Amino acid sequence: MRKPLIAGNWKMHKTLGEATEYVLGFRDAVADVVVVDVLLCVPAPLCSPIAKLLKDSNVRLGAQNLYWEPKGAFTGEISGPMLESVGCNYVIVGHSERRHIFGETDEMVNRKLRAALDAYLTPVFCIGEKIEEREAGETDNVLTRQITEGLKGFSADEIAKMVIAYEPVWAIGTGVTATPNQANDAHRVVRELVKAQAGEAVAEALRILYGGSVKPDNIVELMREAEIDGALVGGASLSVESFVKIVTYYETEATETPQ
Ligand code: PEP
């Protein structure tokens, strides 16, 4: 059994004051959550103060990006060891906004995945097709390229330390969610690709999150799918109220009357 992981991605939102208020409320609201792992991926300047607020809580902390070199003359970049030193446990790698706004290639994503593991950070490795690729029937080819290039050179043991997030680009921040079936099918393709490279045991244990307009009113049906092991949540993680509802989706499930 894979323990679900529900991760929030704040993107470039919240000042220190706003973040502090959020985290104090969120930390207490999810303090009793044990059946899912909870993660907040915050802007880099907020990592250190938020790590202090999350100390001794059940909420893990992640960054949203890193550079592949551990140090050096790379003005403006942030390294894995820096993130680890301020209390990050995870880092998002290859988010579609990094790929499509900032031009990150599969090769850069591959180097960043290596940098994350070298710094003892769990990478949340994001993949996903654009709408024109889906409409052209290219989804599986795109996922195959992103997984093959992204995971190039990684051993089974290293892949076992990762989380993958399937995020169709057309569903991110658009309000359009992939249907549970579409997401489940894509996750199955990803798991098969991982199995081919890392073997069945690693593929079966790997958590594959879905991301793309996840909200309190669609998380339950997404999480019912066998291949969906959690969610990466952007917009709906910005309010404590909606993110707590997503994190505790299993309570809604439990109170629904069976058909
Ligand atoms: C994301 O930021 O990874 C994301 C999926 O955003 P949203 O939930 O807003 O679509």
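Preceding this section is the structure that the text describes.
All figures in this text were calculated on a predicted structure; none of them were measured in a lab.

What follows concerns the pattern of salt bridges. Inspection of every chain in the model, using the stated rule, returns 19 salt bridges. When the shortest N-O distance is used, the salt bridge between Asp-37 and Arg-207 registers 2.8 Å. Of the two residues, Asp-37 sits in strand E2 (residues 37–41) while Arg-207 sits in strand E7 (residues 207–211), which places them 170 residues apart along the sequence. The closest approach of N and O atoms between Glu-158 and Arg-114, which form a salt bridge, is 2.8 Å. Of this pair, Glu-158 sits in helix H8 (residues 156–159) while Arg-114 sits in helix H5 (residues 106–118); the two residues are 44 residues apart in sequence, bridging distant segments of the chain. Because the salt bridges share partners, they merge into one network encompassing Arg-2, Arg-191, Glu-204, Glu-227 and Asp-229.

Looking at the ligand, there are 14 residues lining it, with Lys-11, Glu-167, Gly-173, Ser-213 and Gly-234 nearest. Residue Asn-9 places a side-chain N or O atom 3.0 Å away from an oxygen atom belonging to the ligand. Coverage of the ligand by the protein chains reaches 96% of its 300 Å² of free accessible surface. Class assignment for the residues of the shell around the ligand results in four nonpolar, eight polar and two charged.

The subject of this paragraph is the pairing of E7. The buried count for E7 comes to five of five residues, which makes it a mostly enclosed element. The side-chain alternation of E7 yields two buried faces, one formed by Arg-207, Leu-209 and Gly-211 and the other by Ile-208 and Tyr-210. In terms of strand pairing, strand E6 (residues 163–166) meets E7 through four bridges, oriented parallel. By the bridge assignment for E7, Val-163 is matched with Arg-207. As paired strands, E7 and strand E8 (residues 230–233) are joined by two bridges and run parallel to one another. Bridge assignment links Gly-211 to a residue of E8, and that residue is Leu-232.

Relative to the 16 Å expected for 12 residues at 1.5 Å per residue, helix H7 (residues 139–150) spans 16 Å between its end C-alpha atoms, a close match to the ideal helical length. By the burial criterion, the buried members of H7 are Thr-139, Val-142, Leu-143, Gln-146, Ile-147 and Gly-150. Considered in projection along H7, the buried side chains sweep an arc of 125° and stay on one side of the axis. Elements that come into contact with the buried residues of H7 comprise helix H4 (96–101), H5, strand E5 (122–127), helix H6 (131–135), E6 and helix H9 (180–198).

Moving on, we get to the environment of Lys-152. Summarising the element assignment, Lys-152 is placed in the loop between H7 and H8. Counting along the chain gives 135 residues from Lys-152 to Gly-17, while the straight-line C-alpha distance between them is 41 Å. A distance of 3.3 Å separates a polar atom in the side chain of Lys-152 from a polar atom in the side chain of Glu-149.

Calculation criteria
- By convention here, each chain's residues receive numbers from 1 onward along its written sequence.
- For a predicted model such as this one, the threshold for reporting local features is a pLDDT of at least 70, and the threshold for listing and counting side-chain atom pairs is 80 or more; totals across whole chains, interfaces and linings nevertheless cover every residue.
- Working from all heavy atoms in the structure, the side-chain values ignore hydrogens and water.
- For salt bridges, the criterion is a side-chain nitrogen of Lys or Arg within 4 Å of an Asp or Glu carboxyl oxygen.
- Put simply, DSSP H or I for four residues or longer makes a helix, DSSP E for two residues or longer makes a strand, and each gets a number counted from the N terminus.
- Only a single heavy atom is needed: when it lies within 4 Å of a molecule or strand, its residue is near that molecule or strand.
- Any pair of nitrogen or oxygen atoms within 3.5 Å is treated as a polar contact; in protein, a donor-acceptor pairing is required on top of that, and neighbouring residues in sequence qualify only through side-chain atoms on both sides.
- Method for areas: the Shrake-Rupley scheme with a 1.4 Å probe, in which residue coverage is limited to the protein chains shown.
- Side-chain classes follow a simple rule in which Ala, Val, Leu, Ile, Met, Phe, Trp, Tyr, Cys and Pro form the nonpolar group, Asp, Glu, Lys and Arg form the charged group, and the remainder, Gly included, forms the polar group.
- Accessibility here uses a 1.4 Å probe with only protein chains present; expressed as a share of the type maximum, an area under 20% marks a residue as buried, one over 50% as exposed, and anything in between as partly exposed.
- Paired strands, in this sense, are two strands between which DSSP finds at least two bridges.
- Here the expected span of a helix is defined as 1.5 Å times the quantity of residues minus one.
- Think of the arc as the fan of directions from the helix axis to the C-beta atoms.
- The contact criterion used throughout is that any non-hydrogen atoms of two residues lie within 4.5 Å.

So far we have only geometry, and geometry alone does not tell us how the molecule works.
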